[in-house]
Structure formats: structure tokens, C-alpha cells
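Descriptive structure summary
Residues per chain, in single letters:
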Amino acid sequence: MPERFLGIDTSNYRTSAAIYNAETGEWVNRGGLLTVPEGAIGLRQSDALFQHTVRLHEKIESLPQGEVRAIGVSTRPRAVEGSYMPCFLAGESVARSAAHLLSVPLFTVSHQQGHIAAAALSAGKLDLLDGEFLAWHLSGGTSELLHVKCGADGLPDCTCIGGTTDLAAGQLLDRAGNLLGLPFPSGGALDALALTAEPEKGFNPKVNECKFSLSGMQNQVENKFKTAEPKQMARFALETVANAVIKATEQAREQYHCPILCAGGVMASQIIRARMNKRFGGEVSFAEPTLSGDNAVGVAVLAAKLCNR
């Protein structure tokens, strides 16, 4: 049977399905953002679940046809007790039904584990998944610095050692984008706008034991909005996030002397990536932009890893 694996991910803002070929490393991802009302900065879980239910079959039907050895699906945000979001039920229901009808194994993972696997794949460093490393999961709902090891179950065992204590980086950037009238989610448009601005130092959040607060940064961004051009405010917001991320990473590296992997939609920012590259050089790796945001490729990669154990 071909080494093809199906991955499904129904996160809060994107419906995704993917095929991953473990022999060639090739992948195909079909994903689409959920519809968020104009001017809004989020969706109710009931609305997200409904949209996933309506759209998931379209994503799967657009994938290349052929047999699959196993199916992977994300069923929760993180692999910790109590981590739950109803939106993942849409993907889990389809995956369980398909695995039963096809008589193939089903592997359940977390959305966060999928992000990490996708980043490792696109960075050309799948071997990281068998070792120890630091990982940033920086997205619309999560801003965590993780110490990652290969767990007894073969999946990334992630321990949160730092990150935000309140507002996620993506939330800060989406609120900045909302002030500027940018579409939601705003990260990509905000980054493009910021690249046209003059260099900004941003604000330096206080970072203790790899942890920082971004809620107060919203006031700083709003004040910048009142006094500066939109592009400068965008640059200020991104540089502020970069400052916090770099400081937290520096503190973590004092304890954990291992490589750094960056995942999540916010890590697609050219500004943040450039700052991280400048500070950590060859010790830091990134998911390519198309696999930085939510996708099902990492879920399929983990299904392959578990199936071939």
C-alpha cells in the first residue's frame, strides 16, 4: 500500500484536510478560512462548528484520490487534560467514520502537536520530533514557549515553560488590524503594511522566567495608533511581539541548550522571523509560511509516524 496518510484539522478559524506521502515527503493541503463577519475579531464556537461541518467534505474531495494507510485528526487544542473546543468535533466525526469504512487505523493528536510536526517537516528537520527542542506556538489563540520531547506514545510531549500570561500575540495583532480596518485574521495584512514602515524599536515588555503579559501592550498599540501613521503602528505592534519572544527565548536557552522550532500563524511574520534569525542564527528553524498557519499536514505527518512505529 502507498505510504499516503490523510490528515484532518478543524481549528477555530480554518478548515483543513491534507495528504502526506511518507516515502517522498510530498504533501497537499486544502484549507480555507471560516467566514468572520466584517468588523468582528472572532467567531462563536457554534458558528465555527457549523461552518466546518458544511465545508470539510469540499476540502477532502479536492485532495488527490487514492488509498491511505491511516488517518490522523486533531481532536483538541493541546495534549493536556481539559483542553477542549467543540470545533474539533467536526473533523473527528468525519475521521472516525472514514477510518471505520476504510478499515485503516485512526490516530488522534492535538492541534498544537500538528503545528509542531508541520513546522519540522517544512524546515527539513523531521528528526527533531525524535529528540528534544524548544518550540514556539505563536498564533491567534496561543502564545506558548514549549519544551518538547518525544513522548512514550511517539507524539511530541510538550511542556509549556513560557509565553504570554494573558493576551495571545495573535489577538494583539488582530486588534491592531481591527483598528486599521484590516480583514480578520489580520496577521498577514499587518505584516505587509509594517514592511513598508520605517524601523521601529517597539515596546519592551517585562519578561520573567520566560513569561510576559501582552494585555498592557494593547494600550501601547492604541496610543501609537493615535499619534503615528498606520504603517508605523503596524510595525510597532510586530516589533513589540518580537521583543517579548526574543527575551523569553533567551531566558529559556539559559536552561535548555537545544534547537528552536517556530510554528503558528504569527511566526509567518517576516519581521518576527528576521529578528529571530538575527538573534539565534542557525539555532532557529521556521515553518514555511504556507505551513505556519493552521493546516492538516502536520496531523498527517504524525499519523505516518505513529503508523510506522
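Residues numbered from 1 in each chain as written. Predicted model: local features only at pLDDT ≥ 70, side-chain atom pairs only at ≥ 80, totals over all residues. Heavy atoms only, no water.

**So, the pattern of salt bridges**
The condition is simple: Salt bridge, as used here: a side-chain nitrogen of Lys or Arg that lies within 4 Å of a carboxyl oxygen of Asp or Glu. A run of H or I in DSSP counts as a helix once it spans at least four residues, and a run of E counts as a strand once it spans at least two, with each numbered from the N terminus. Only protein chains enter the area calculation, which uses a 1.4 Å probe; residues under 20% of their type maximum are buried, those over 50% are exposed, and those in between are partly exposed.
Tallied over the full model, the rule gives 10 salt bridges. Between Arg78 and Glu144 there is a salt bridge, and its shortest N-O distance comes to 3.0 Å. You can see Arg78 sitting in the loop between β4 (70-76) and α2 (88-102) and its partner Glu144 sitting in strand β7 (residues 143-150), a full 66 residues away along the chain. Overall, the relative accessible area of 23% leaves Arg78 in the partly exposed class. Take Glu144: its relative accessible area is 15%, and that puts it in the buried class. Three or more residues joined by partner-sharing salt bridges are found here, namely Arg235, Glu239 and Arg275.

**Re the environment of His111**
The cut-off we apply is this: Any pair of residues with heavy atoms lying within 4.5 Å of one another is described as a contacting pair.
Relative to the elements of secondary structure, His111 occurs in helix α3 (residues 111-122). Sequence-wise, His111 and Ala287 are 176 residues apart; in three dimensions their C-alpha atoms are separated by 15 Å. If we ignore the near neighbours within four places in the chain, the residues touching His111 are Asp9, Ser11, Ser74, Arg76, Pro77, Phe88, His137 and Asp294.

**Observations regarding the packing of aromatic side chains**
Convention followed: Two rings from Phe, Tyr or Trp (for Trp, the six-membered ring) form a pair when their centres are within 6.5 Å of each other. A pair whose planes differ by under 30 degrees is stacked, one over 60 is edge-to-face, and the rest are tilted.
If you walk through the whole model with that rule in mind, you get 2 aromatic pairs. When the centroid spacing of 5.1 Å and the interplanar angle of 75 degrees are considered together, the rings of Tyr13 and Phe184 count as edge-to-face. Within this pair, whereas Tyr13 is found in the loop between β1 (4-10) and β2 (14-21), its partner Phe184 is found in the loop between α4 (169-179) and α5 (187-194), the two being separated by 171 residues in sequence.

**Overview of the sheet that holds strand β5 (residues 106-110)**
Rules: DSSP calls a pair of strands paired once it identifies at least 2 bridges connecting them. Throughout, an axis means a line fitted to C-alpha atoms (over the contacting stretch in the case of helices), and angles, computed between N-to-C directions, take values from 0 to 180 degrees.
The 5 strands are arranged β3-β2-β1-β4-β5 in an open sheet whose pairing can be described as mixed. At either margin of the open sheet sits one strand with a lone partner, and together these are β3 (27-33) and β5. Adjacent strand axes in the sheet meet at a mean angle of 15 degrees when their direction is disregarded. Its contacts with the sheet place helix α9 (residues 297-307) against β1, β2, β3, β4 and β5, and it is angled at close to 135 degrees to β1.

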